[in-house]
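# Geometric and topological summary
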Amino acid sequence: MKTGRIAQWLLVITCYLPSLVYGFGQGDTNEYVRQFPGLIANSYAAIDDPSLGPGNLLSACKNRGRRDATGTVIVSEATPTQVGAADIQQRCGDSNDCVIGRNVTLNMNGVLNLRSLIVRDGGVVRWTDQTQVASDAWLCAGYVVVEAGGMWDMNIQDALKRAWIYIKNNGATHSGLRTRAFGSFAERHHAMHPGAAPHFSVVGRELSRTWSLLAEPLTPNSGTLRLMHDPIAMGWKVGDRIAVAPTEAGMKANAQAFFIAGLSATGSVQLSAPSNGNSTHRAERSWPTGTEASLRAAEVINLSRNIIVTGDDFEEIACDASLPEAGPGFGTSTQGCRCTNNRNSCTMGLHTASAHAGYSVVANTRIEKCGQRGVEGKYCLHFHHMADCSDDATKTGSRCIYRNNAMEFSQQRGLILHSTHNAQVEANVFYDIRGANLYIEDGNEMLNTVAYNVGICPRGDNGCTLPGTSNGQADTSLNQTGLYMESPNNLLVGNRMANFFNGMFNNAGNGRGDSEGQVCGSNAPLGFWEGNTFHSSGRFGTYLLNGNFPRRNTGQSIANNGTTNRNDDCPAYDAQGRDVGLASVITGHFDYGNAFVGQYGAGDIQYKNHVTIGNLNSIYWKETKTFEDGCSAHISDSYYEDGSADLPDAMGAFIIENTTFKNYGLRANHHCDVGVTGFLCMPQYVLHNVKWENGRNTWMNFDINNGATNNGGIFTLSPENIEAKANGAVFDIFPPQYNSAVGGNFDYLLDLPQENCVSSSAIGLGGRYNNGILCASSLTPLKIFTRDHAGGDLLLTVFDRQSGGRLAQQRLPHIHITNRKQGYAVPVIAGDRYRYEVSLASGANIDPDWVIDFGDLTVSNRWGVERLHLSVQGRSCNGTIYSNHDRRFYAAGDFTESMWGSGACTGFASMPASDCSAPRDLTLNQDPAYADWHVRLDRACDSVNCGENGACSAKYLGSILPVLRSYQCVCKPGWYGGSCTSKNPWLTFDDGFE
C-alpha cells in the first residue's frame, strides 16, 4: 500500500467544501449541474485509485468516446465448445456487437474489450478462480446483458484476485436495458420455459460481515478504531476502504473514510491516517428497562470487494422532448433523458439490473459510478418486475438475491425493488449515494427480505439530495430518504440508516406506475419490521406518511402481483359496521438524533420495545384509533429520553404501557383542528405502568397548536394504576393526590366539591402542567358528533345524584374540522356520583342521527366498563350510558354515511367484549411467511449468556459471526464484565487491548 496515495485520498474524502449547496429541490437541476464538478470532487472510485485500477484496462477502455457498431458477430457452434477470452476478442473485435450463443462457453482466462456483449440461447460465460489466471482480469463493453437461455456464472473467491466489469460510455444501446448496462433481461410477459430464463450470478469473495459498529468512540486525531467484531474473521483486509458514520444529531456532521493499515482479532483496526480533528463518533451501549439492547454506536462499513462493476466517468447529456413518459406524472423515460420543465439534461453513469424473469444473484460485489439521474429505471442495483422470486429449488428459497454488496458514488439511488416479491436483500452497504439508498418502488411489492443493510450519507446538511428524478419525495430536499418504500408488507430487520434527511419513509398511497390505482397503500398489511436503527436525520428517523391503517381482507396476494382490492375498495368496516383493522406491531426500532420520529395518521400499529434518545419529537403522531382487537396499547415496553411527544387525537383511548420517559414532555392534540386533522380534539391518553424520570420544567402541554379548540386532551393513569396508587404505589407523573390532568378551559371541574380538582397554577405547578386542571378521579371523554350543524354552543350541566342539586355548568363551543368531523367534546367523571345533562344553548333538540360517544372499548375490556348517568335533550339514554356502547361504522375513524344514528343513546347492542387477560402477541397477525424470522432472531443470542443483569447485543446485527466477548452483553448500570456478572468496573473488557 502506498502511504502517499492513502494520505491524498483521505484528504479528499474527509474535507468537504462548505460553499457547496447540498439541499437540492426537484427544480434545482441547473444548479446541480453547475456545481457538479465540485459535488463529486470528494467522491471515490476504485477504478480511479492509482494503486488499484489496472493500467492496461484504463489505457484500452477509459473514456474512449462513442463508437458505432461495425456489425454483430454471433458466436455459436453446432456442438458444445469451450473458448477463451482471446478467441472471443479475435472473433468479435472491439467494434462489433458480440453475442455468445448456442453451445459456446466462454472461460474468462484473460481480458476482453468489446463494443457490447449479449449472452443468450445456451451461451455461457464462466469466470471463476479456475478460469482467471492473473491477479487482475477485466471485461470492457458498452453493455453486458444476459438474455433468455444465457448464463453468466462468475465466482471469484481468491483474495489475491480482482475481477473488473468496466461499462463504457460508447453509445452501445441494448433493446431492453439501454445504455451503459450490466445485468439480465427477458422480454416482459413473454412465456418461456423456466430453464430458458436468464441465469445471472456474480459472486465475489465471501465476507462474514460487511459492517460492524464502533466498540469504543472514535475521537479526533485517532489512528485506530475498535469494532464490536473481529475484523479478520469478518474477512476484512489491509488496504480495504472503510467508512465511519457520523453520530451527531440532525444531519450536522460528515462521515469519515479510511483505508485499513492493520488489523487485530481483538477488534482493533489501524487507520491509514488519523481521524479528523472535529468529530467524535459515538460508541454507546445501553439496556433500557423492558427493551432490547440499544447500540448508539457509529456504523463502520467495508466498501472494498474483489469484483468491481465500474465504468467511464459520468456524462451530462441533453434531453429529448420526444421520448415517452415512463408513467403518468413521472416526467422521466426508460428510453433516455426526457425533457421536463425542471430538467433539460441528465447525468449518466452505469446501471445494473435484472428485468422480468430469471435467476439473479449479485453478492460480495462493488458497484460504483452508477445511476443515471433523470432516466427511469437506471440505478446501481435493480430488480425490475421480477414477480414472485420464491424458489424452493434453491438453498436460499429465492432466485433474486442482492447480498453483501457495496455501492458507492451514485447519481441516482442505490438498490431498487420494483414489482418484485420474495427477493432477498441483505447486508448491503451504501455510501455517497444520491437520492434514496434503498427504494421499494410501486406499492405492490410484498414479502421481500430487507435485512441488515447499512446506508451512510457522507455529507451533512442534506448532502445526499438529488434533483430531477421521478420521485421528489424520495430523492430531493423535500424528503430524501435512506430507506424509502411505497409498500409496507415486507420484512425490514436490522437495517441502519445514518445522516439522511429521513432515515426510513413509508409513503402510503394508491400505487405507482403499473400499480397505480390497484393498491390500498394506506391499508395494506404491515410486514415484519423489527430492530431497525435510524439516526442523525435532518427530519424523521422512523417515518410513515399519509394514513397508515392496516386492515384485514385487503385481497393483497402474490397471485395477483401484490395488488389489493384496488385503492377505493379496502373499507374500514364489514357489512355489519365492525372495524376490520389488522392489529400490527413495529418492534425494537432505535431512533436517535433525529428531528422527528413517527407518522401523520396511523391506527392498529403498536410501537413495542421502541427506544428513542435525543430526538426533538420522538413521538410525532396526528391521528389514530383504538385497536381493533380491543386490547392492545399504542406504545408498549418502550423507552423515551430527551425529547417530547406530540400525541395524536384519537378515536378512543391512546394507551401507553410499561414505558419509561426520561427528561421528556407530553403534548396533547398534535395538529388537531389544523387543516383537516383530528376528530374532536378530546383524546384520552391512558398511562399504564409508566415510569417518569423528569428534569424538565414542562411535563404536559394542552395547547401546542395555539387554538381555542385545541385545549382538549386528557392524561390519566389507568384504573388499575389509580387503585394501586391508593394502596401506596408511586407514579410520579402526577402529584401524590392527583391521577389525571386536562386543559384549563374545562373549569367546571373546579366546581365539583368532592373531586379534589384543582388548577395546577393554584398549587405552583402551572408551568409543569401548562396551567391545566389536575383531578383525583380519572377523566373520560364525552363526545357528540354532529351532522349538518350550523354551530352554536352546547351546555353541560352537572347535578349531584343523591341530592339532585346543581353543581356546575360548562359552555362548550362547536368544533368544525370537516363536514363529517364536527361536534362537541368534554371531559367527564364516570361513576355514580353525578348526573350530567346535555342541551344545545339554542334550546333545540339533539338530532337523533348525531353520534354520542363515551369512553373507550379497550379501556372497558382491560379495566372494566365505565358508566355515565346522562340525559340528552331530545334523546332517550335510559338514564345511563356505558363505555362499551355501540360503535358501528365510526370506531375506525372513517366516518361514513352509515355512522349516523349509531353510538350511545340508541337501541343498538353493546360492542362484543374482548378477553384481555393476557397480552396480545401482534406478530401472530403477520403473514406466515415471516414466521421463521422470529426463530432466527431468537437464535442470534443462543450462545450468549448475559444473566439477569445484561442483554445480548447481537440480536439485530445479523450474520452468524459472534460479537467479541467484551461486547456481547450490555449491562445494567452498576454491572460489568463480558457477562455482566461483576460489580468491578475494571472488568469491563475480557478480551484485552493491544
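Calculation rules
- Residues numbered from 1 in each chain as written.
- Predicted model: local features only at pLDDT ≥ 70, side-chain atom pairs only at ≥ 80, totals over all residues.
- Heavy atoms only, no water.
- Helix = DSSP H or I, 4+ residues; strand = E, 2+ residues; numbered from the N terminus.
- Rg over C-alpha atoms; globule rule 2.2 N^0.38 Å.
- Buried < 20%, exposed > 50% of the residue type's maximum accessible area, 1.4 Å probe, protein only.
- Salt bridge = Lys/Arg side-chain N within 4 Å of Asp/Glu carboxyl O.
- Core = buried A, V, L, I, M, F, W, Y, C linked by side-chain atoms within 4.5 Å.
- Phe/Tyr/Trp six-rings, centres within 6.5 Å; stacked < 30°, edge-to-face > 60°.
- Disulfide = S-S within 2.5 Å.
- Pairing = 2+ DSSP bridges.
- Axes fitted to C-alpha atoms, helices over the stretch in contact; angles between N-to-C directions.
- Arc of directions from axis to C-beta.
- Contact = heavy atoms within 4.5 Å.
- UniProt positions renumbered as here; feature names shortened; annotations may be inferred.

Let's shift gears to the overall build of the chain. Counting its secondary structure elements, the chain contains nine helices and 76 strands. Expected size for 994 residues packed as a compact globule is a radius of gyration near 30 Å; at 31 Å, the chain falls within 12% of this value. When the backbone C-alpha atoms are referred to their principal axes, the chain occupies close to 110 × 65 × 50 Å. When the 994 residues of the chain are sorted by exposure, 64% land in the buried category.

With that settled, consider the pattern of salt bridges. Within the structure shown, the criterion is met by 46 salt bridges. For the salt bridge of glutamate 147 with arginine 120, the shortest nitrogen-to-oxygen distance reads 3.6 Å. On the criterion of sequence distance, the pair formed by glutamate 147 in the loop between strand E9 (144-146) and strand E10 (151-155) and arginine 120 in the loop between strand E6 (116-119) and strand E7 (124-128) is long-range, its members being 27 residues apart. When its relative accessible area of 14% is taken as the criterion, glutamate 147 is described as buried. The partly exposed category is assigned to arginine 120, whose relative accessible area is 25%. Measuring nitrogen to oxygen at the nearest pair gives 2.4 Å for the salt bridge that ties glutamate 408 to arginine 241. In this pair, glutamate 408 is assigned in strand E33 (residues 406-410) and arginine 241 in strand E18 (residues 241-244), connecting sequence segments 167 residues apart. The pair formed by glutamate 408 and arginine 241 is uniform in burial state, with each residue classed as buried. Salt bridges sharing partners connect three or more residues here, namely Asp48, Lys62, Asp313 and Lys369.

Another point: the nonpolar core. Formed by 101 residues in total, the largest nonpolar core has its most connected members in Ile88, Trp127 and Trp152. Listed in part, the 59 residues of the second largest apolar core include Phe258, Ala451, Phe528 and Cys980.

As a further point, take the packing of aromatic side chains. In the structure shown here, the tally under the stated rule is 37 aromatic pairs. Consider the rings of phenylalanine 734 and tyrosine 769, whose centres lie 6.5 Å apart with planes at 15 degrees: the pair is stacked. With a gap of 35 residues between them, phenylalanine 734 in the loop between helix H7 (719-726) and strand E63 (740-742) and tyrosine 769 in the loop between strand E64 (758-759) and strand E65 (773-775) connect regions that are remote in the sequence. Classification of phenylalanine 734 by relative accessible area gives buried; the value is 3%.

According to the stated counting rule, one finds 15 disulfides in the structure shown. Between cysteine 520 and cysteine 570 runs a disulfide, and the two sulfur atoms are separated by 2.0 Å. Here cysteine 520 and cysteine 570 share a disulfide; its torsion about the S-S bond, 75 degrees, makes the bridge right-handed. Residue cysteine 520 is found in the loop between strand E43 (502-507) and strand E44 (528-530), and its partner cysteine 570 is found in the loop between strand E46 (540-548) and strand E47 (584-587); the two are separated by 50 residues along the sequence.

Attention now goes to the pairing of strand E68 (residues 806-812). Pairing of strand E67 (residues 794-800) with E68 involves six bridges; the strand directions are antiparallel. In the strand pairing of E68, leucine 796 is matched with glutamine 810. What sits between E67 and E68 in their antiparallel hairpin is a turn of five residues, with glycine 804 showing a positive phi close to 80 degrees.

Turning next to the sheet that holds E67. As summarised here, the arrangement of the five strands in space is E68-E67-E71-E73-E74, forming an open sheet in which the pairing is mixed. Each edge of the open sheet is held by one strand with a lone partner, namely E68 and strand E74 (880-882). Each adjacent strand pair in this sheet contributes to an overall mean axis angle of 30 degrees, direction not counted. Examined bridge by bridge, E67 and strand E71 (residues 831-840) share seven bridges and lie antiparallel to one another. Counted as the bridge partner of phenylalanine 799 is arginine 835 from E71.

The subject of this paragraph is helix H2 (residues 29-39). Those residues of H2 that sit buried are Thr29, Tyr32, Gln35, Phe36, Gly38 and Leu39. Buried residues along H2 cover an arc of 165 degrees about the axis, so they all sit on one side. Turned more than 90 degrees away from the buried face of H2 sit Asn30, Arg34 and Pro37, all of them exposed. Those residues of H2 hidden inside the fold are in contact with strand E26 (345-348) and strand E30 (372-373).

This part is about the UniProt feature "domain: EGF-like" (unreviewed entry) in the chain. The UniProt feature table records "domain: EGF-like" (unreviewed entry) at residues 937-981. Along residues 937-981, the helical share is 7% and the strand share 13%, with 24 Å between the first and last C-alpha atoms.

Within the open sheet, the three strands sit side by side as E25-E26-E30. Their pairing is antiparallel. The two strands at the open ends of the sheet, each matched to only one other strand, are strand E25 (315-318) and E30. As paired strands, E25 and E26 are joined by four bridges and run antiparallel to one another. Its bridge partner lying in E26, isoleucine 317 is registered against cysteine 346. Across the sheet, H2 touches E25, E26 and E30, and the angle it forms with E26 is around 45 degrees.

Now for the environment of cysteine 980. Structurally, the position occupied by cysteine 980 is in the segment after strand E76 (969-971). Sequence separation between cysteine 980 and lysine 395 is 585 residues, and the spatial gap between their C-alpha atoms is 38 Å. If we skip the residues at most four places from it in the chain, cysteine 980 touches Cys946, Asn949, Gly950, Cys969, Val970, Cys971 and Trp975.

This brings us to H7. Listing the buried residues of H7 in full gives Asn721, Ile722 and Lys725. In an axial view of H7, the angular spread of the buried residues amounts to 105 degrees, which keeps them on one side of the axis. Residues of H7 that are exposed and point over 90 degrees away from its buried face: Glu723 and Ala726. Along its buried surface, H7 packs onto strand E59 (684-688) and strand E62 (714-717). At the C-terminal side of H7, glycine 728 shows a positive phi close to 110 degrees.

Moving on: the pairing of strand E66 (residues 780-785). The side chains of a regular strand alternate, first on one face of the sheet and then on the other. Most of E66 is tucked away, with six of its six residues classed as buried. Because side chains alternate across E66, one face comprises the buried residues Thr780, Leu782 and Ile784, and the other comprises Pro781, Lys783 and Phe785, equally buried. In this structure, E66 lies alongside strand E70 (residues 822-828), joined through six bridges in antiparallel fashion. Each bridged residue has a counterpart across the sheet, and for lysine 783 the counterpart in E70 is alanine 825. Across four bridges, the pairing between E66 and strand E72 (residues 851-854) is antiparallel. In the sheet register, lysine 783 faces E72, and the bridge partner there is aspartate 853.

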